[in-house]
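Spelled out from the first residue to the last, the chains are:
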Amino acid sequence: MTTERWQRIEAVAQAALERAATQRAAFLDAACAGDASLREEVESLLAQQEPAARFMETPAVETGALWRPEDPTDTLIGRRLGPYELRQEIGHGGMGAVYLAERADDAYQKQVAIKLVKRGMDTNAILLRFRNERQILATLDHPNIAKLLDGGTTEGGLSYFVMDYVEGLPIDAYCGTHKLSVKDRLKLFRTICAAVQYAYEHHIVHRDLKPGNILVTAEGAPKLLDFGIAKLLAPEESGTGILPVQHRLEACATATGLRPMTPEYASPEQVRGEAITPASDVYALGVLLYELLTGHHPYRMETRTPKEFERIICEEMPDKPSTAIGRIGESLDAVDDKPVRITPESVSLMRDGRPDGLRRQLSGDLDNIVLMALRKEPVHRYPSVKAFSD
Amino acid sequence: MKVSPKDVTQMLADSCRGHPEALANLLPLVYNELRRLARRYLRDERSGHTLQATALVHEVYLRLIGQTDLHWQNRAHFFGLAAQAMRRILIEHARHQRAAKRGGPHRSLFLNDAVDGSGKREVDLLVLDEALNRLATFDSQKGRIVELRFFGGLTIQETAHVLGVSTPTVERGWQMAKLWLHRELQKGALHDD
């Protein structure tokens, strides 16, 4: 862009900004007469007014941009939080990092996972969410759900909470490593459904079910992690009486809008920012089951643009699982992240069978069940995880 | 090498008068001090500080210059340098992290990481930095406004002071730069990996 051209664009845009929104079109008609590209430029800038309102208004350093330690010597490892000493980082994401920690007070030996909220992100909303998570999780007591043990605030004002440390593989990697048969995969899957159903009975929707949040221990027991974005389904009806008014308001205020989510497992209503219901978890479980059974994602998500994602998730119909196993594709290996070729032979070999046998196993009931869970409209899916699992 | 406040003041004055050598000495000084302080705050959570851009910059100022009375131009010049140093520190850090992430076991960081807890998109500093460089090629004043505001944490008034222009000029420039950068980042998001 030349300086002159920009000055022209800016002058028109500034002048338009000074006018009431209703008069802008007429003003632009006159100001950009005969220069369509000028008008396009100006309009694309004006369109940013609302979305950019809060953009960059918090200085970069205060947004937590420096939070992650710069080098291994400059870390939180070895620090103590309450009776726990942080041993190693085992994961991080948009909200913060997760550490493996150990009780350091010799009371008893116990390994735990500590989730620490990122600096600069300790806004009230997040604190509320974390408080929600603590309270919600405290009401959950299930062998297949990682339990919340403790929570608190560091002296520096960061929120953290302590959860059961689960040593295991993400479910897709587990099934792959052990070459589980379709039957065994279904069995594992139904155990997960039972845990999700249990959570529903406590009015909790997980909202972010995906292999990374479902670990399987060496003993073969699945554990659901990270109810971090769970919300009470109907706070006012929960009957626990533990949620003060502002929590309920918070729960309502965030019932829609762009949620933290993993696009591969997000349902159409999540992608569109609409209300999330138990049917959203049914959908995510549907994607998971699809993958466990076929080795393919229901959609070919080669593109990574948000718009395209939304279109595919909301409009495209997935192939029947029994058809999908005929596909040839490539994916990242769940264990070591290397690209691997997926063929009908490799898929069935991983499921302890042969392509025609696998196709027979999937076609019919399983095809229908999986596709039903993946219906675009929440009301057309199974009414509950229990119904899906049955 | 310990540099006295007097030396720093002199360097500031020289660099302000356009001596490139003075600037070349001064910027690393500000950079190092800022980096050291930021690290200390991050490590030492006990201090109970949350990292604040202006507080950091002012503390660096006190450390390097102390109570010495400065000519307002030199003072303004200092804040300009500090914002520049802050930008560099943050960008270097972001590069480090990107490199670390690549090596890490994370597969789908796309929307997951791009959206923070409050539901707004988190800014990718590296993409923003590139866009800011582009903006500066045809509108250097807006480039500086953004650097001072977003990286240096200066207010509109302080920014106007440093640049020697009126507050409304900064106000308008800031708004326009935000619109332009936001649009560029959105474009970028569509092509983002």
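Calculation notes
- Residues numbered from 1 in each chain as written.
- Chains lettered and ligands numbered in written order.
- Predicted model: local features only at pLDDT ≥ 70, side-chain atom pairs only at ≥ 80, totals over all residues.
- Heavy atoms only, no water.
- Helix = DSSP H or I, 4+ residues; strand = E, 2+ residues; numbered from the N terminus.
- Buried < 20%, exposed > 50% of the residue type's maximum accessible area, 1.4 Å probe, protein only.
- Contact = heavy atoms within 4.5 Å.
- Expected span 1.5 Å × (residues − 1).
- Phe/Tyr/Trp six-rings, centres within 6.5 Å; stacked < 30°, edge-to-face > 60°.
- Salt bridge = Lys/Arg side-chain N within 4 Å of Asp/Glu carboxyl O.
- Lys, Arg positive; Asp, Glu negative; His and termini not counted.
- pLDDT = per-residue confidence, 0-100.
- Pairing = 2+ DSSP bridges.
- Axes fitted to C-alpha atoms, helices over the stretch in contact; angles between N-to-C directions.
- Parallel < 35°, antiparallel > 145°, perpendicular 65-115°, else oblique.
- Left-handed = near helix turned anticlockwise from the far one by under 90°.
- Core = buried A, V, L, I, M, F, W, Y, C linked by side-chain atoms within 4.5 Å.
- Polar contact = N/O pair within 3.5 Å; in protein donor to acceptor, adjacent residues only side chain to side chain.

Draft legend 1. Region of the structure containing the overall build of chain A. Helices and strands together make up the secondary structure of chain A, namely 15 helices and 13 strands. A total of 390 residues make up chain A; the buried ones form 51% of that total. Taking all contacts inside chain A whose residues are at least 6 apart in sequence as the whole, residues at least 24 apart take part in 58%.

Draft legend 2. Structural view of the environment of Val170 of chain B. As for its placement among the helices and strands, Val170 of chain B is situated in helix α9 (residues 167-191). Not counting the four nearest positions on each side in its chain, Val170 of chain B is found in contact with Ile145, Ile156, Thr159, Ala160 and Val165 of chain B.

Draft legend 3. Up close: helix α1 (residues 3-17) of chain A. For α1 of chain A, which comprises 15 residues, the first-to-last C-alpha distance of 20 Å matches the rise-based estimate of 21 Å (1.5 Å per residue) to within 8%. Every buried residue belonging to α1 of chain A is among Trp6, Ile9, Glu10, Val12, Ala13, Gln14, Ala15 and Ala16 of chain A, and all of these are buried.

Draft legend 4. Region of the structure containing the packing of aromatic side chains. Summed over all chains, the structure comprises eight aromatic pairs over all chains. For the pair Phe78 of chain B and Phe79 of chain B, a centre-to-centre distance of 5.6 Å together with 80° between the ring planes defines the contact as edge-to-face. Take Phe78 of chain B: its relative accessible area is 0%, and that puts it in the buried class. Ring plane angle 70° and centroid distance 5.1 Å describe the contact between Phe150 of chain B and Phe151 of chain B, whose orientation is recorded as edge-to-face. Of the two residues, Phe150 of chain B and Phe151 of chain B, both sit in the buried class. The structure contains a cluster of three or more aromatic residues connected by ring pairs, namely Trp6 of chain A together with Phe138 and Trp180 of chain B.

Draft legend 5. Broad picture of the pattern of salt bridges. Enumeration according to the criterion identifies 24 salt bridges over all chains in this entry. The partner of Lys110 of chain A in a salt bridge is Asp164 of chain A, with the nearest N and O atoms 4.0 Å apart. Within this pair, whereas Lys110 of chain A is found in the loop between β3 (96-103) and β4 (111-117), its partner Asp164 of chain A is found in strand β6 (residues 159-164), the two being separated by 54 residues in sequence. Judged by its relative accessible area of 28%, Lys110 of chain A falls in the partly exposed class. Residue classification places Asp164 of chain A among the partly exposed positions, given a relative accessible area of 22%. The network of salt bridges with common partners includes Glu41 of chain A together with Arg134, Arg183 and Glu184 of chain B.

Draft legend 6. Region of interest: the side chain of Asp367 of chain A. Mapping Asp367 of chain A onto the fold places it in helix α14 (residues 365-373). One buried charged residue, Asp367 of chain A, forms no salt bridge at all, with the nearest opposite charge on Lys320 of chain A at 4.8 Å.

Draft legend 7. The confidence of the model for chain B, seen in detail. Residue and element names in this part refer to chain B. In the predicted model, chain B carries a mean pLDDT of 78, and 77% of its residues have values of at least 70. Predicted confidence for residues 45-49 stays below pLDDT 50, and this span has 13 contacts to residues more than four positions away or in other chains. Note on residues 103-121: pLDDT under 50 across the span, and 45 contacts to partners over four residues away in sequence or across chains. Among the prediction metrics, the complex's ipTM stands at 0.82, with pTM recorded as 0.51.

Draft legend 8. Here's a closer look at the sheet that holds strand β10 (residues 222-224) of chain A. All names here are of chain A. Read across the open sheet, the three strands follow the order β7-β9-β10; overall the sheet is antiparallel. Strands with a single pairing partner mark the edges of an open sheet, and in this sheet they are β7 (169-170) and β10. The sheet contact formed by β7 and strand β9 (residues 214-216) spans two bridges and is antiparallel. Within β9, the position partnered with Leu169 by the bridge is Val216.

Draft legend 9. Quick look at the packing of helix α6 (residues 182-201) of chain A against helix α9 (residues 278-294) of chain A. Residue and element names in this part refer to chain A. Packing of α6 against α9 leaves a shortest axis separation of 11 Å and a crossing angle of 165°. Accordingly, the angle class assigned to the pair α6 and α9 is roughly antiparallel. You can see that α6 and α9 cross each other, and the crossing is right-handed. Together, Val182, Arg185, Leu186, Phe189, Ile192, Cys193, Val196 and Tyr200 of α6 and Pro278, Asp281, Val282, Leu285, Leu288, Leu289, Leu292 and Leu293 of α9 make up the contact between the two elements.

Draft legend 10. Quick peek at the nonpolar core. Judged by nonpolar contacts, the single largest core of 75 residues is most densely connected at Phe78, Leu125, Phe150 and Leu181 of chain B. The biggest single contributor to this core is helix α4 (residues 72-103) of chain B, with 12 residues. Every residue in contact with Phe150 of chain B, bar those within four places of it in the chain, is listed here: Met56, Thr58, Pro59 and Ala60 of chain A together with Leu125, Leu128 and Trp174 of chain B. Membership of the second largest hydrophobic core comes to 54 residues, among which are Phe189, Leu288, Ile312 and Leu366 of chain A.

Draft legend 11. Looking closely at the environment of Lys376 of chain A. All names here are of chain A. Mapping Lys376 onto the fold places it in the loop between α14 and α15 (385-389). The buried category is assigned to Lys376, whose relative accessible area is 10%. Here the alpha-carbon distance between Lys376 and Glu269, two residues 107 residues apart in the chain, equals 8.2 Å. Excluding residues that lie within four positions of it along the chain, Lys376 makes contacts with Pro268, Glu269, Tyr299, Ile312, Ile313, Cys314, Glu315, Glu316, Met317 and Arg381. Polar side-chain contacts of Lys376 include one of 2.8 Å to the side chain of Tyr299.

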